[in-house]
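The residues making up each chain are set out below.
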Amino acid sequence: MNITAITAYLKNIRKDADFISPGVLEAIPYQNKSKNTRVEISNPEFTSLCPKTGLPDFGTITIKYLPDKYIVELKSLKYYFLQFRSAGIYYENLTPLILDHLKKVLNPTEMTVEAEFTTRGGISSKITSEYKKM
């Protein structure tokens, strides 16, 4: 098999971004009535696929939020992130997608999602999406 055939195969098996469903995310009632605790979750083993080549992209996703009535159940978040391993999606698209999905499920007071990807060809990328409830 040559590089062209491998690239075609990788493109063929990858999913589009619509494959990623927030339905797996589980919201748990937040018990802290004073609403003064910030939550930070880091996934240093995040993987998605390059939409051009089908090759894997590796990075760290950090979620920082001020909960209102709900927090995210961590196992459900892990399963949510696993969907990205099969999806071809640009960094600049996956970061706001994660934010939108979490925002819909948790309805936090505020939230930031940062995606920092490993350096390739001397270039590194860090994308940040933010939300504050009005």
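Scroll up to find the structure this text is about.
In this report, the structure presented in the accompanying data block is examined.

Rules used throughout
Residues numbered from 1 in each chain as written. Predicted model: local features only at pLDDT ≥ 70, side-chain atom pairs only at ≥ 80, totals over all residues. Heavy atoms only, no water. Patch = residues over 30% accessible without salt bridge, like charges linked within 9 Å, V, L, I, M, F, W, Y side chains within 5 Å. Areas by Shrake-Rupley, 256 points an atom, 1.4 Å probe, with all protein chains shown as cover. Salt bridge = Lys/Arg side-chain N within 4 Å of Asp/Glu carboxyl O. Helix = DSSP H or I, 4+ residues; strand = E, 2+ residues; numbered from the N terminus. Buried < 20%, exposed > 50% of the residue type's maximum accessible area, 1.4 Å probe, protein only. Pairing = 2+ DSSP bridges. Axes fitted to C-alpha atoms, helices over the stretch in contact; angles between N-to-C directions. Core = buried A, V, L, I, M, F, W, Y, C linked by side-chain atoms within 4.5 Å. Phe/Tyr/Trp six-rings, centres within 6.5 Å; stacked < 30°, edge-to-face > 60°. 1 Å grid on protein atoms, 1.4 Å probe; cavity = no way out; pocket = protein on both sides within 12 Å on 5 of 7 lines; lining within 4 Å. Points joined across faces, edges and corners; volume = space filled by probe spheres on them. Nonpolar A, V, L, I, M, F, W, Y, C, P; charged D, E, K, R; others polar.

A contiguous nonpolar patch, built from Val24, Tyr79 and Leu82 and spanning about 270 Å² of accessible area, is present on the exposed surface. Turning to its location among the elements, Leu82 is positioned in helix H2 (residues 74-82). Residue Leu82 is classed as partly exposed on the basis of its relative accessible area of 41%.

Let us look at the sheet that holds strand E3 (residues 56-66). With antiparallel pairing, the four strands of this open sheet are ordered in space as E2-E3-E5-E6. Each edge of the open sheet carries a strand with a single partner, namely strand E2 (39-49) and strand E6 (123-132). Averaged over all pairs of adjacent strands, the angle between their axes in this sheet comes to 15°, without regard to strand direction. With nine bridges joining them, strand E5 (residues 110-120) and E6 adopt antiparallel strand pairing.

The biggest cluster of nonpolar side chains holds 26 residues, and the ones touching the most others in it are Ile63 and Ile98. Those elements giving two or more residues to this core turn out to be E2, E3, H2, helix H3 (91-106), E5 and E6. With six residues, H3 is the single largest residue contributor to this core.

This brings us to the packing of aromatic side chains. Under the counting rule described, the total for this entry stands at six aromatic pairs. Ring geometry for Phe46 against Phe84: centres 5.2 Å apart, planes inclined by 55°, an arrangement best described as tilted. Here Phe46 is found in strand E2, whereas its partner Phe84 is found in the loop between H2 and H3, with 38 residues between them in sequence. Among the residues examined, Phe46 registers a relative accessible area of 2% and is labelled buried. An aromatic cluster of three or more residues is present, and its members are Phe46, Tyr80, Phe81, Phe84, Tyr91 and Phe117.

With that settled, consider the layout of surface pockets. Its volume calculated, the largest pocket comes out at about 240 Å³. Taken together, 13 residues form the lining of the largest pocket, with Asn43, Glu45, Leu77, Lys78 and Phe81 sitting closest to its centre. Listed by contribution, the elements that provide at least two residues to the lining of the largest pocket are E2 and H2. With seven residues, the single largest contributor to the lining of the largest pocket is E2. Residues of the lining of the largest pocket, tallied by class, amount to seven nonpolar, three polar and three charged.

The sheet contact formed by E2 and E3 spans nine bridges and is antiparallel. Bridging across to E3, Thr47 finds its partner in Phe58. Bridging between E3 and E5 involves eight bridges; their strand directions are antiparallel. Bridge pairing in E5 places Ile63 opposite Val113.

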